[in-house]
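Residue-level structure breakdown
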Amino acid sequence: MITRFFLVSCLCTLVLSAQETSSSRIKGLRVNGSADARLPIAGLQSRPITIEFDVDETTPPDFRVRIYHCDRNWNVTLTSFVNDDIRNRTRSPIPFEPAPAGVQQYRFHYSIKLPGFPGIERFPQSGNYVFHIYDEAEKEVLARGRFFVVEEALVPTMKLNNRSLPSETNPYNQVNKIEVGFVIPKADSSRSEVLYPLFFTCMDIYRNRQLYNPWRIDVNDQNPNTFVDGFGTPKMKFVVDNVTPGNEYRRVDLRNIDEYPVGTQLRPRLGADVSRFLQKPSGDNHGTSTLTTGNRYADYVPFQFELVLGSRPYDSVFVVGEFNGWRPAAECLMGYSDETQRYTWTTQLRRGEYDYQYVVGSSDWISLEGNDWRTRNVYTAFIYYRDSRFGGFDRIVGYLQRLSPGGSQTTSN
């Protein structure tokens, strides 16, 4: 058993860098929950997440899901008491339905809710999870992604403030300060489990649906922008400062057939995008998408993102959105034309409305988009607890979501 889990861990460590499809057989992978920003957050036995995708094959394949509990760093937990390789998988195929009449680019739509499906009626523990979608006949992993399972053992609070950095120039001087506090409950007749303060050492904070670059607050790090108050006591507070709010996402709406007709190479209707470095926010959907469903236009169309900068100031520019898990990666790297002085990237999108933005060099989210207190973001805090049982594993014993304050003035020094 130990050898088997070691191999699983090695595999997942290599592939967990993306919420992605690794096969052209899977189209439009989407993972949503009912929390704000549709972040994929599930309960142990309730509040399921939804995994859905499309397939263009003559007969519907037997696709299934396997899940893995992970630590706070997304490494697979190496204990069979938490990760039972026999039990943590669906026992029957993922349900599907035929595509609407007239759709050309896919034939079947697959959708599954977890927990509550045979084989995964509940999750064994709370924490970070990854899923694999695989073909039961070929045992081939076709897609993978991340989600969270939470307990509500704590009742945390979150405080968000706008703060100005005198050492920086506009717009880099505009930051958010986030404070998350909680009181560890005492064991009583209604709660037999004892939670020990020394096992609360880490908290991650995510913005909207950006699942690959959280702010981490850890008692053991040396980050000057994070702080833990009251460590080792029943009353604790985790603080992260200098969080750049960025700008509201750009949006493209492909649902209008007259504006984006069938059978053509689609481009931005109002022309190519330009830098928004000093433009004010204009509203977005916190990184989510809304897809066309139920008719012949619920199909995939070729769309070309275009960005005009007048010259080539950056070696690499990426397009990110829900269509690629909000992760700058090689498959969404834009090409540049000296003739048109444009960065372009073409992909297949199912008709719908999408939030998106441009990222420079895989980590610079500001140079092309700007940074403004007026941006409204959904921040989600996950509180980790290092359970000492079964060799040790990470639980999420509390979480909280809040919308940033917006406004154009500081609310805190």
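Relevant structure appears above.
Reference entry: report on the structure contained in this document. Just so we're clear, the structure is a prediction, and the values are computed from it rather than from any experiment.

**Digging into the overall build of the chain**
Check the secondary structure of the chain and you find one helix and 24 strands. In summary, the chain has a C-alpha radius of gyration of 22 Å against a globular reference of 22 Å for 413 residues, a match within 12%. Expressed along its principal axes, the backbone C-alpha trace of the chain runs to roughly 65 × 60 × 35 Å. Residues classed as buried in the chain amount to 54% of the 413 residues present. Contacts spanning at least 24 positions in sequence make up 75% of the contacts within the chain whose residues lie at least 6 apart. For the chain, the accessible surface area stands at approximately 18200 Å², while carbon and sulfur atoms represent 49% of it. Of the side-chain charges in the chain, 47 are positive and 47 negative, and the distance between the mean point of each set is 4 Å.

**Section: the pairing of strand E18 (residues 300–308)**
Of all the nine residues making up E18, seven are buried; the element is thus mostly covered by neighbouring parts of the structure. By the bridge criterion, nine bridges tie E18 to strand E21 (residues 342–350) in an arrangement that is antiparallel. From the neighbouring strand, Val-301 faces E21, where its bridge partner is Leu-349.

**Section: the side chain of Glu-52**
Relative to the helices and strands, Glu-52 resides in strand E4 (residues 49–55). Polar contacts involving the side chain of Glu-52 include one to the side chain of His-109, which spans 3.0 Å. Those residues in contact with Glu-52 that sit more than four places away from it in its chain are Gly-28, Leu-29, Arg-30, Asn-32, His-109, Tyr-110 and Ser-111.

**Focus on the state of the cysteines**
Tallied over the full model, the rule gives zero disulfides. The structure places no disulfide on Cys-202, whose sulfur is separated from the nearest cysteine sulfur, that of Cys-70, by 14 Å. Cys-202 gets classed as buried once you look at its relative accessible area, which sits at 0%.

**Notes on the sheet that holds E21**
Spatial strand order, E18-E21-E20: three strands in an open sheet with antiparallel pairing. The open sheet is flanked by E18 and strand E20 (335–337), the only strands paired with a single partner. On average, each strand axis in the sheet is tilted by 35° relative to the strand beside it, whichever way the strands run.

**Digging into the nonpolar core**
Formed by 26 residues in total, the largest nonpolar core has its most connected members in Leu-114 and Ile-133. Listed by contribution, the elements that provide at least two residues to this core are strand E2 (27–32), E4, strand E5 (63–70), strand E7 (108–114), strand E8 (127–135) and strand E9 (141–150). The next biggest cluster of nonpolar side chains, apart from the first, holds 25 residues, and it includes Ile-178, Phe-200, Ile-205 and Tyr-385.

**A short note on the sheet that holds strand E23 (residues 378–387)**
Spatial strand order, E13-E12-E23-E24: four strands in an open sheet with antiparallel pairing. Since the sheet does not close on itself, it has two edges, and those belong to strand E13 (215–218) and strand E24 (393–403), each with one partner. Each neighbouring strand pair of the sheet contributes to a mean axis angle of 20°, computed without reference to strand direction. Pairing analysis gives six bridges linking strand E12 (residues 202–207) to E23, with the strands arranged antiparallel.

**Remarks on the pairing of E5**
On any regular strand, side chains alternate: one points to one face of the sheet, the next to the other face. Counted residue by residue, E5 has eight buried out of eight residues, so it is predominantly covered. The pairing of E5 with E8 spans eight bridges and is classified as antiparallel. Among the inter-strand pairings, His-69 is bridged to a residue of E8, identified as Tyr-129.

Conventions used here
- Residues numbered from 1 in each chain as written.
- Predicted model: local features only at pLDDT ≥ 70, side-chain atom pairs only at ≥ 80, totals over all residues.
- Heavy atoms only, no water.
- Helix = DSSP H or I, 4+ residues; strand = E, 2+ residues; numbered from the N terminus.
- Rg over C-alpha atoms; globule rule 2.2 N^0.38 Å.
- Buried < 20%, exposed > 50% of the residue type's maximum accessible area, 1.4 Å probe, protein only.
- Contact = heavy atoms within 4.5 Å.
- Areas by Shrake-Rupley, 256 points an atom, 1.4 Å probe, with all protein chains shown as cover.
- Lys, Arg positive; Asp, Glu negative; His and termini not counted.
- Charge placed at Lys NZ, Arg CZ, Asp CG, Glu CD.
- Pairing = 2+ DSSP bridges.
- Polar contact = N/O pair within 3.5 Å; in protein donor to acceptor, adjacent residues only side chain to side chain.
- Disulfide = S-S within 2.5 Å.
- Axes fitted to C-alpha atoms, helices over the stretch in contact; angles between N-to-C directions.
- Core = buried A, V, L, I, M, F, W, Y, C linked by side-chain atoms within 4.5 Å.

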